[in-house]
Amino acid sequence: MPAAALADGDPGSDVLLDQNLFAPWDANLSTAQQLRLGRQLDATAAAGAPVRVAIIAHRDDLGTITPLWLAPQTYASYLGTELSLAYGGRLLIVMPNGFGVFWKGHAAAAAKLEQLLSAVRPRSGSAAALVAATSAAVQRIEAAAGTGAHAPA
(Lines give C-alpha, C1' and ligand atoms only; values in the text may rest on other atoms or scores of the structure.)
Protein backbone atom coordinates (compact mmCIF):
# COMPACT_ATOMS: atom_id res chain seq x y z
CA MET A 1 0.00 0.00 0.00
CA PRO A 2 1.27 3.51 -0.73
CA ALA A 3 2.14 5.71 2.21
CA ALA A 4 -0.18 8.58 3.04
CA ALA A 5 0.80 11.84 1.40
CA LEU A 6 1.93 14.54 3.78
CA ALA A 7 2.03 17.43 1.33
CA ASP A 8 -1.02 19.60 0.84
CA GLY A 9 -0.24 20.71 -2.68
CA ASP A 10 0.97 24.20 -1.73
CA PRO A 11 4.79 24.29 -1.97
CA GLY A 12 5.09 27.64 -0.20
CA SER A 13 3.52 26.29 2.98
CA ASP A 14 5.98 23.43 3.12
CA VAL A 15 9.06 25.62 2.65
CA LEU A 16 8.04 28.58 4.83
CA LEU A 17 7.41 26.43 7.89
CA ASP A 18 11.13 26.57 8.66
CA GLN A 19 12.67 28.96 6.13
CA ASN A 20 12.18 32.67 5.53
CA LEU A 21 12.18 32.59 1.70
CA PHE A 22 10.25 30.54 -0.83
CA ALA A 23 11.67 31.21 -4.29
CA PRO A 24 10.85 28.38 -6.70
CA TRP A 25 13.37 27.39 -9.33
CA ASP A 26 11.28 28.78 -12.17
CA ALA A 27 11.46 32.28 -10.71
CA ASN A 28 14.99 32.23 -12.19
CA LEU A 29 16.60 33.94 -9.20
CA SER A 30 20.35 33.57 -9.19
CA THR A 31 22.12 32.14 -6.17
CA ALA A 32 23.46 35.61 -5.40
CA GLN A 33 19.94 37.10 -5.50
CA GLN A 34 18.59 34.39 -3.21
CA LEU A 35 21.48 34.82 -0.76
CA ARG A 36 21.02 38.61 -0.71
CA LEU A 37 17.29 38.27 0.02
CA GLY A 38 18.03 35.58 2.61
CA ARG A 39 20.46 37.88 4.43
CA GLN A 40 17.92 40.68 4.35
CA LEU A 41 15.25 38.41 5.84
CA ASP A 42 17.69 37.07 8.45
CA ALA A 43 18.30 40.68 9.47
CA THR A 44 14.57 41.23 9.98
CA ALA A 45 14.44 38.23 12.29
CA ALA A 46 17.53 39.38 14.18
CA ALA A 47 15.91 42.80 14.62
CA GLY A 48 12.90 41.12 16.23
CA ALA A 49 10.44 41.77 13.39
CA PRO A 50 10.66 38.73 11.11
CA VAL A 51 9.23 38.66 7.61
CA ARG A 52 8.81 35.50 5.56
CA VAL A 53 8.47 35.85 1.81
CA ALA A 54 6.97 33.74 -0.96
CA ILE A 55 7.89 34.80 -4.47
CA ILE A 56 5.29 33.44 -6.86
CA ALA A 57 6.60 34.09 -10.36
CA HIS A 58 4.34 31.68 -12.26
CA ARG A 59 0.96 30.02 -11.84
CA ASP A 60 2.59 26.61 -11.29
CA ASP A 61 4.45 27.93 -8.21
CA LEU A 62 1.12 27.65 -6.36
CA GLY A 63 0.96 23.88 -6.71
CA THR A 64 -2.65 22.75 -6.60
CA ILE A 65 -4.10 26.17 -5.76
CA THR A 66 -3.49 27.81 -9.13
CA PRO A 67 -6.83 29.70 -8.97
CA LEU A 68 -5.04 32.13 -6.60
CA TRP A 69 -2.61 33.19 -9.36
CA LEU A 70 -2.40 36.98 -9.61
CA ALA A 71 -4.38 37.30 -6.35
CA PRO A 72 -1.52 38.02 -3.94
CA GLN A 73 -3.66 39.22 -1.03
CA THR A 74 -5.96 36.21 -1.26
CA TYR A 75 -2.95 33.90 -1.36
CA ALA A 76 -1.38 35.75 1.58
CA SER A 77 -4.49 35.07 3.66
CA TYR A 78 -4.57 31.44 2.56
CA LEU A 79 -0.88 30.77 3.18
CA GLY A 80 -0.75 32.85 6.36
CA THR A 81 -3.62 30.84 7.82
CA GLU A 82 -1.85 27.60 6.91
CA LEU A 83 1.37 28.75 8.55
CA SER A 84 -0.26 30.36 11.59
CA LEU A 85 0.16 27.38 13.90
CA ALA A 86 3.93 27.48 13.41
CA TYR A 87 4.64 31.11 12.46
CA GLY A 88 2.93 34.24 13.70
CA GLY A 89 5.08 36.92 12.10
CA ARG A 90 4.59 38.94 8.95
CA LEU A 91 4.19 37.16 5.63
CA LEU A 92 4.81 38.86 2.29
CA ILE A 93 3.60 37.40 -0.99
CA VAL A 94 5.22 38.71 -4.16
CA MET A 95 3.58 38.17 -7.55
CA PRO A 96 4.25 39.99 -10.82
CA ASN A 97 1.14 42.13 -10.27
CA GLY A 98 1.82 43.14 -6.67
CA PHE A 99 1.97 42.10 -3.03
CA GLY A 100 -0.12 40.44 -0.38
CA VAL A 101 0.46 40.72 3.36
CA PHE A 102 -0.70 38.57 6.26
CA TRP A 103 0.07 38.95 9.95
CA LYS A 104 -1.78 36.69 12.36
CA GLY A 105 -3.66 38.71 14.97
CA HIS A 106 -2.72 42.02 13.34
CA ALA A 107 -5.21 42.42 10.50
CA ALA A 108 -5.32 46.23 10.69
CA ALA A 109 -1.51 46.49 10.68
CA ALA A 110 -1.32 44.06 7.75
CA ALA A 111 -3.84 46.16 5.83
CA LYS A 112 -1.72 49.27 6.45
CA LEU A 113 1.36 47.42 5.21
CA GLU A 114 -0.50 46.32 2.10
CA GLN A 115 -1.45 49.94 1.44
CA LEU A 116 2.14 51.07 2.08
CA LEU A 117 3.39 48.56 -0.49
CA SER A 118 0.96 49.57 -3.22
CA ALA A 119 3.52 52.09 -4.50
CA VAL A 120 6.29 49.48 -4.84
CA ARG A 121 4.91 47.08 -7.45
CA PRO A 122 7.19 44.82 -9.47
CA ARG A 123 7.89 46.41 -12.86
CA SER A 124 7.61 43.02 -14.57
CA GLY A 125 7.70 39.31 -13.82
CA SER A 126 11.45 39.06 -14.46
CA ALA A 127 13.71 37.76 -11.71
CA ALA A 128 15.45 41.13 -11.38
CA ALA A 129 12.14 42.99 -11.04
CA LEU A 130 10.76 40.52 -8.49
CA VAL A 131 13.94 40.66 -6.39
CA ALA A 132 14.10 44.46 -6.49
CA ALA A 133 10.43 44.77 -5.54
CA THR A 134 10.79 42.18 -2.76
CA SER A 135 13.80 43.92 -1.27
CA ALA A 136 12.10 47.33 -1.43
CA ALA A 137 8.93 45.92 0.13
CA VAL A 138 10.84 44.31 3.00
CA GLN A 139 12.68 47.60 3.62
CA ARG A 140 9.34 49.43 3.80
CA ILE A 141 7.89 46.82 6.13
CA GLU A 142 10.90 47.09 8.43
CA ALA A 143 10.80 50.89 8.36
CA ALA A 144 7.15 50.74 9.40
CA ALA A 145 8.15 48.42 12.24
CA GLY A 146 10.85 50.88 13.30
CA THR A 147 13.64 48.31 13.05
CA GLY A 148 15.50 49.58 10.00
CA ALA A 149 16.72 46.02 9.34
CA HIS A 150 18.43 45.60 6.01
CA ALA A 151 20.66 43.17 4.22
CA PRO A 152 24.28 43.16 5.34
CA ALA A 153 26.70 44.38 2.68
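In the block above lies the structure referred to throughout.
Rules of the game
- Residues numbered from 1 in each chain as written.
- Predicted model: local features only at pLDDT ≥ 70, side-chain atom pairs only at ≥ 80, totals over all residues.
- Heavy atoms only, no water.
- Helix = DSSP H or I, 4+ residues; strand = E, 2+ residues; numbered from the N terminus.
- Buried < 20%, exposed > 50% of the residue type's maximum accessible area, 1.4 Å probe, protein only.
- Phe/Tyr/Trp six-rings, centres within 6.5 Å; stacked < 30°, edge-to-face > 60°.
- Pairing = 2+ DSSP bridges.
- Right-handed = clockwise from strand over helix to strand, strands pointing away.

A. Just unusual backbone geometry, in detail. Of note, Asn28 is a non-glycine position whose phi angle comes to about 60 degrees, a positive value. Take Asn28: it is sitting in the loop between strand 1 (21–22) and helix 2 (31–46). A positive phi angle, close to 65 degrees, is found at Leu70, a residue other than glycine. Mapping Leu70 onto the fold places it in the loop between strand 2 (51–55) and helix 3 (72–83). According to the relative accessible area criterion, Leu70 is partly exposed, its value standing at 41%.

B. Summary view of the packing of aromatic side chains. Considering all chains together, one arrives at one aromatic pair under this definition. Here Tyr75 and Tyr78 contribute two aromatic rings whose centre-to-centre distance is 6.3 Å and whose plane-to-plane angle is 20 degrees, an arrangement assigned as stacked. Taken together, the residues Tyr75 and Tyr78, both in helix 3 and three residues apart, mark about one turn of the helix. For Tyr75, a relative accessible area of 0% corresponds to the buried category.

C. Representation of the pairing of strand 3 (residues 90–95) in the model. Counted residue by residue, strand 3 has six buried out of six residues, so it is predominantly covered. The pairing of strand 2 with strand 3 spans five bridges and is parallel. Counterpart to Ile55 in the pairing with strand 3 is Val94. What joins strand 2 to strand 3 is helix 3, and the crossover it makes is right-handed.

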